[in-house]
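# Structural overview for review
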Amino acid sequence: MVFNMECFYHVYDSLPEQFNLIDYLFSSIKPNEFNRVAYITGGSHISYGELIQRVKQFSCLLKNLGVEQESRVVILLSDDINFVYAFLAIIWLGGIAVIINEAHSDHDIEYVLSDCRANFIVSRNLWHSKFKSEIYDKMYWVLIDEPGFDQQLARQLLIERPVLVAREAEAFWVYTSGSMGQPKGVIHLHYNPVVAIQNYGRDILKLAPDDVIFSAPSMSFSYGLGTSIYFPLFFHASVVISPNSSPFEHINIITNHAVTVFFGIPHTYASIYAIKEILSLQADSLRLCVSAGEQLPIPLWRKWHDHYGVSICEGIGTTESTHIFISNSVNNTVAGSTGRAVSGYQIRLVNDNAKEVAAGEPGLLEVSGEGFMQGYWQKLKATQQVLRGQTMITGDIYRCDELGNYYFIGRKDSLVKVKGMWLIPAEIEQVFLQHPLLVEIAVIVKPGIIEDTAEIVAYIQLKEGYKFTRELRNEIIKLANSQLPKFKIPRKILALNKLPRNVTGKIHRKRLADDLSLQKEKL
């Protein structure tokens, strides 16, 4: 297939050369909508009018400290309204918001603070006290939990006009999780989110002003940044934000605020379903549930659909792509499929010779389109491995059926071939998860010592209150034997209190593969 690269500048060409992302979002909000609720946090309701005023005041505060066009300003905060204010205000001034996930290790946070070379940081006293040194004292710290900060912000004048920059100017950086090494700074441009808004927010999510959105993934994760900030603002929806990531809190938020659109990762849905007998989710208000970040197991999709009466729309995006480029939709949800190509993107599956594979055959996923990252900060080789012009090399192996639905097989660097076929962890996981006592599972596959064999280990997490007994192990193996060939049956099953996770909440498969010291029961 030959792509016409000109077709990938549709959104870019539609925008003025001098542009500001936040001005684009705010300009869509009319004065008669200023009283609409923008954010619900704790016991507070913040209207769109109040949001715009606070952002302009936050901009003034930052400007008075010396923030100007192209200044890098770190945001090191949990999900609260000040994260929203800071993100919008920095970009309103033409600055660059550098987002760091608080779930990173202290070592990784220290690395990112040094790597990004920012002069300003919006954070809390906790982090300021941890990183007191000659280097970090040269940064100007805006501490949102300092006594009197809210009053100081309220006294600021309003920066009424945004700083207009080139539409391809840098707007924000998001650092990767660091699961495969040091975190990398992913550089996003002002026009990138507009691509995601038009292609995914409008065409797939079909967001509207009467939607109430709750996104479990953190705003410091590219997925959560879109679903909690720029998607809802453009479509004038209301957003509930909470720093609490427990399934109990998620259930209370969805029930008490009549949430209509819920964003999560597979772990989010598994955790809510696992406690359904303790605290029941009232799902009547939900019109759409979305999952991304990692593969959604078919048994979990079915359990959720059968119990709550709403399908989960799975999709895939990456930090590098800004947001989701393959997705199911409300009108076309296929269990086990990541979905179809989102409008504006073209997908290829290629073999080792870079030739496109036939329908049903596995191939390396390549995505072409606009709105991808400019690159990784100061990592030229890593950038060139991922981006080739307007095509992104994902490292994922997929297959596609004749209807255009894509199915995840695994990461290319973690798959093993046995008897000439890919040994697919997800295939084994789907079978194990049919057992009612399993909450989550991660299957790790390594090449065996003997040629054409594999070492397969299943790490499982059981429902609260259950022990991993020999009888339970035998039940699981019996289930696996009934549906899988013998060479795909795990030799070891290890029960963990909890599966390890990276900073974005995904299962930390590299840590499991490295077999670090984890509390486990082995049978």
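Residues numbered from 1 in each chain as written. Predicted model: local features only at pLDDT ≥ 70, side-chain atom pairs only at ≥ 80, totals over all residues. Heavy atoms only, no water.

Right, let's get into the overall build of the protein chain. Check the secondary structure of the protein chain and you find 17 helices and 29 strands. Over its C-alpha trace the protein chain gives a radius of gyration of 23 Å, about what one expects of a compact globule, namely 24 Å for 523 residues. Out of the 523 residues in the protein chain, the part that is buried amounts to 59%. Within the protein chain, contacts between residues separated by at least 24 positions form 67% of all contacts whose residues are at least 6 apart in sequence. Accessible surface, the protein chain as shown: approximately 22,500 Å² in total, 49% of it carbon and sulfur. (Helix = DSSP H or I, 4+ residues; strand = E, 2+ residues; numbered from the N terminus. Rg over C-alpha atoms; globule rule 2.2 N^0.38 Å. Buried < 20%, exposed > 50% of the residue type's maximum accessible area, 1.4 Å probe, protein only. Contact = heavy atoms within 4.5 Å. Areas by Shrake-Rupley, 256 points an atom, 1.4 Å probe, with all protein chains shown as cover.)

Scanning all chains against the criterion turns up 13 salt bridges. Among the salt bridges present, the one from Glu356 reaches Arg348, with a minimum N-O distance of 4.0 Å. A salt bridge links Arg348 to Glu366, with the nearest nitrogen and oxygen atoms 3.4 Å apart. With Arg348 in strand β18 (residues 346–350) and Glu366 in strand β19 (residues 363–368), the pair connects residues that are 18 residues apart, well separated along the chain. Its relative accessible area of 16% is what places Arg348 among the buried residues. A single salt-bridge network, built from bridges that share partners, covers Arg348, Glu356 and Glu366. (Salt bridge = Lys/Arg side-chain N within 4 Å of Asp/Glu carboxyl O.)

In this section: helix α13 (residues 298–308). Within α13, burial applies to Pro299, Leu300, Trp301, Trp304 and Tyr308. Elements in contact with the buried residues of α13: α12 (266–274), β14 (288–291), β15 (312–317) and α15 (425–432).

Counting through the fold element by element, Ser329 comes out in the loop between β16 (324–327) and β17 (340–341). Residues within four places of Ser329 in sequence aside, it is in contact with Ile204 and Cys313.

This part takes up the pairing of strand β12 (residues 238–241). Burial along β12 is two-sided: Ser238 and Val240 and Val239 and Ile241, pointing in opposite directions, are all buried. As paired elements, strand β2 (residues 37–41) and β12 share three bridges and run parallel to each other. Following the sheet pairing, Ile40 is matched in β12 by Val240. Sheet topology places strand β11 (residues 212–215) next to β12; three bridges connect them, and they run parallel. For Phe214, the partnering residue across the bridge sits in β12 and is Val240. (Pairing = 2+ DSSP bridges.)

Turning next to the sheet that holds strand β3 (residues 44–47). Read from one edge to the other, the open sheet built from nine strands follows the order β3-β2-β12-β11-β13-β14-β15-β16-β17, with strand pairing classed as mixed. The two strands at the open ends of the sheet, each matched to only one other strand, are β3 and β17.

One non-glycine residue with positive phi stands out, namely Glu70, at about 75°. One can find Glu70 in the loop between α3 (48–65) and β4 (72–75).

With that settled, the discussion passes to the packing of aromatic side chains. Under the definition given, this model contains 20 aromatic pairs. Ring plane angle 65° and centroid distance 5.5 Å describe the contact between Phe87 and Phe172, whose orientation is recorded as edge-to-face. Of this pair, Phe87 sits in helix α4 (residues 81–92) while Phe172 sits in strand β9 (residues 170–175), and the two are 85 residues apart along the sequence. Per residue, the accessibility class of Phe87 equals that of Phe172, and both read buried. Of the aromatic side chains, those joined through ring pairs into one cluster are Phe214, Phe262, Tyr269, Trp304 and Tyr308. Geometry around Tyr273 places Lys276 over its ring, the cationic atom sitting 4.1 Å from the centre. For Arg399, the ring lying beneath its charged end belongs to Tyr407, and the centroid distance is 4.2 Å. (Phe/Tyr/Trp six-rings, centres within 6.5 Å; stacked < 30°, edge-to-face > 60°. Lys NZ or Arg CZ within 6 Å of the ring centre and 35° of its normal.)

We now examine the packing of helix α9 (residues 192–205) against helix α10 (residues 222–235). If you want to describe how two helices pack, look at the angle between their axes and the distance between the axes. Where α9 contacts α10, the axes come no closer than 10 Å and their chain directions differ by 65°. Of the possible angle classes, the one that applies to α9 and α10 is roughly perpendicular. Note on packing geometry: the crossing formed by α9 with α10 is right-handed. Across the interface between the two elements, Pro193, Ala196, Ile197, Tyr200, Gly201, Arg202 and Leu205 of α9 pack against Tyr230, Phe231, Phe234 and Phe235 of α10. Residue composition of the contact of α9 with α10, grouped by class: nine nonpolar, one polar and one charged. (Axes fitted to C-alpha atoms, helices over the stretch in contact; angles between N-to-C directions. Parallel < 35°, antiparallel > 145°, perpendicular 65-115°, else oblique. Left-handed = near helix turned anticlockwise from the far one by under 90°. Nonpolar A, V, L, I, M, F, W, Y, C, P; charged D, E, K, R; others polar.)

This paragraph deals with the nonpolar core. Ranked by size, the top nonpolar core spans 121 residues in total, and within it Tyr39, Leu51, Leu62, Phe87, Leu88 and Ile229 carry the most contacts. Among the elements that line this core, the one with the most residues is α4, at eleven residues. What Leu88 contacts, discounting residues up to four positions off in sequence, is Ile22, Phe26, Leu51, Val55, Ile229 and Leu233. Core analysis: the next-biggest nonpolar cluster, separate from the first, contains 27 residues, Ile428, Phe432, Leu484 and Ala495 among them. (Core = buried A, V, L, I, M, F, W, Y, C linked by side-chain atoms within 4.5 Å.)

On the secondary structure map, Thr319 appears in the loop between β15 and β16. Aside from chain neighbours lying at most four places away, what touches Thr319 is Val174, Val186, His188 and Ser222.

This next bit is on the environment of Ala154. Locating Ala154 in the fold gives a position in helix α8 (residues 149–154). Taking the relative accessible area as the measure of exposure, Ala154 reaches 38% and is therefore partly exposed. When neighbours within four sequence positions are excluded, Ala154 is seen to be in contact with Arg54 and Gln57.

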